[in-house]
Amino acid sequence: MREITKEIKFDVDGREMTFQIRKFDVLKATYVAKLAIEKIVPIFTTLEGVMTPIPKDIKKEEIDAIVKERTAKVMDNLPSLLSKLTEDELNFLMKRCLQHVDVLLPAGWQPVMIGDKFGVDELEYDEWAALRLFYEVLEFNLGSFFGGKNLSSILNRLNSFLPSA
Amino acid sequence: MAKQNFSYYSLLDIVSTMNHPDVGKCCLSDAGGGQITFSSAGDMFSNTKTATGYVTINRMRSEDGTGQLEIPVNTQADVYLLKWVAFMKNRKTKTARTVLTTLTIFDPLGNNGKGKTITLKGVVPQKEADINYQQTAGNRTYPILYAEKIEK
């Protein structure tokens, strides 16, 4: 049977919350995938190698040098990376993703975003939770578009920026 | 010739939000239509008169009242309010959380264009909303009670 919802749990402001992610319909998924291919994938392709784990069995000076080199690479590319996504595109993607998430409250499931407005106070000012949900929605919805593993490996780089649950 | 006075009002021009931490929040005015009315329950002043006709004017504090939310059926706001009423009716947890609903109405054109915010606290459903089935779309009425009204 086709899976059209997925539940995840993580902490928001010290409290564990349960979220339900819903599938986009085909038309919404296609447009989001188009934006993802145009804008998001090149960002993480440019950062190739930045997020690979640093070996632990090397000297501290070498570790410091690698970290310094990677930080410089990110900072050098940051302005052009950020310019690839306009504010409107970012807002569109965030809203589209958050509109497909429900959070479990004592009264039942409540949409995280209703139209342009937040449906839950706790999430309105928590950028990490919003980014985490953004990643989870993209991963759940676009995984099949890119053949599962390919998108996961790309989006895992975004996930590495997020604090663990 | 007398001047023609006119005024303009639309539910689309106000932002009305209902919020309870265990239910979530919803912008009621996004439904696009409907009506929100509320009225104070108590008197502001009362007169006490003696046999000699002496009158004492008593000023009384009364911030509570009743209200009615008329919301188009099958909108997000209607779905939210049905969920809210069912939750308030069936809740088994601490009663203190029952009174946490707030209803905020922001009118940007109020107060001569300076903006006016009315906050109702301790909002509870007075009774369940009426159920009706009809061919044309209509409004569902939610009678409410509130404990305190704050106007800015």
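Along each chain, the written sequence defines residue order, and numbers are assigned to residues from 1. Written order determines the labels here, with chains lettered from A and ligands numbered from 1. The model is predicted, so local features are restricted to residues of pLDDT at least 70 and side-chain atom pairs to those at 80 or more, both for listing and for counting; the totals for chains, interfaces and linings are taken over all residues. Hydrogen atoms and water are omitted, and side-chain values are computed over all heavy atoms in the structure.

Some remarks on the confidence of the model for chain B
In low-pLDDT segments, the atomic positions of the prediction should not be examined closely.
All names here are of chain B.
Line of reasoning, step 1. Confidence in the prediction of chain B, expressed as mean pLDDT, is 85, and 89% of residues score 70 or more.
Line of reasoning, step 2. The predictor reports its confidence for every residue as pLDDT, a score running from 0 up to 100. Strands here mean DSSP runs of E at least two residues long; helices mean DSSP runs of H or I at least four residues long; both are numbered from the N terminus. Within chain B, strand β3 (residues 35-40) has the poorest average pLDDT of any element, 84, and strand β5 (residues 55-59) the best, 94.
Line of reasoning, step 3. Overall fold confidence for the complex sits at a pTM of 0.72, while the interface term, ipTM, reaches 0.72.

Here's the deal with the side chain of Thr18 of chain A
Residue and element names in this part refer to chain A.
Line of reasoning, step 1. One can find Thr18 in strand β2 (residues 15-22).
Line of reasoning, step 2. Only protein chains enter the area calculation, which uses a 1.4 Å probe; residues under 20% of their type maximum are buried, those over 50% are exposed, and those in between are partly exposed. Residue classification places Thr18 among the buried positions, given a relative accessible area of 13%.
Line of reasoning, step 3. In what follows, a contact means two residues having at least one pair of non-hydrogen atoms within 4.5 Å. Excluding residues within four positions of it along the chain, Thr18 makes contact with Glu7, Ile8, Lys9, Asp102, Val103, Leu104 and Trp109.

A short note on the interface of chain B and chain A
Line of reasoning, step 1. In this assembly, 13 residues from chain B lie in contact with 12 residues from chain A.
Line of reasoning, step 2. Buried area, as used here, totals the accessible surface that two parts lose on assembly, with accessibility defined by a 1.4 Å probe and the loss added over both. Surface buried jointly by chain B and chain A totals about 1000 Å² across both partners, of which 51% is contributed by carbon and sulfur atoms.
Line of reasoning, step 3. The largest per-residue losses of area from chain B upon contact with chain A belong to Asp22, Lys25 and Lys83 of chain B, which jointly make up 46% of the total buried on that side.
Line of reasoning, step 4. Whenever a carboxyl oxygen of Asp or Glu lies within 4 Å of a side-chain nitrogen of Lys or Arg, that contact is scored as a salt bridge. In this assembly, chain B and chain A are joined by 2 salt bridges.

Here's the deal with the sheet that holds strand β8 (residues 116-121) of chain B
Residue and element names in this part refer to chain B.
Line of reasoning, step 1. Only strands joined by at least two bridges in the DSSP assignment are considered to pair. Strands sit in the order β2-β1-β7-β8-β11 across an open sheet of 5 strands; the sheet is antiparallel. Each having just a single partner strand, β2 (24-27) and β11 (148-151) make up the two edges of the open sheet. Here the average twist between neighbouring strands, direction ignored, is 15°. Only the stretch in contact is used when a helix axis is fitted, and all axes are lines through C-alpha atoms; the angle between N-to-C directions ranges over 0 to 180 degrees.

Looking at the side chain of Arg96 of chain A
Line of reasoning, step 1. Topologically, Arg96 of chain A is positioned in helix α3 (residues 87-98).
Line of reasoning, step 2. Not counting chain neighbours up to four residues away, the residues in contact with Arg96 of chain A comprise Phe24, Lys28 and Val32 of chain A.

A short note on the confidence of the model for chain A
Line of reasoning, step 1. Across chain A, the average pLDDT comes to 77, with 72% of residues at or above 70.
Line of reasoning, step 2. The secondary-structure element of chain A with the lowest mean pLDDT is helix α6 (residues 149-159) of chain A, recorded at 52, while strand β3 (residues 101-105) of chain A shows the highest, at 95.

Digging into the environment of Ser16 of chain B
Residue and element names in this part refer to chain B.
Line of reasoning, step 1. Within the secondary structure, Ser16 is located in strand β1 (residues 15-20).
Line of reasoning, step 2. Counting along the chain gives 59 residues from Ser16 to Thr75, while the straight-line C-alpha distance between them is 15 Å.
Line of reasoning, step 3. Excluding residues that lie within four positions of it along the chain, Ser16 makes contacts with Cys26, Cys27, Leu28, Ser29, Ile36, Leu103, Thr104 and Ile105.

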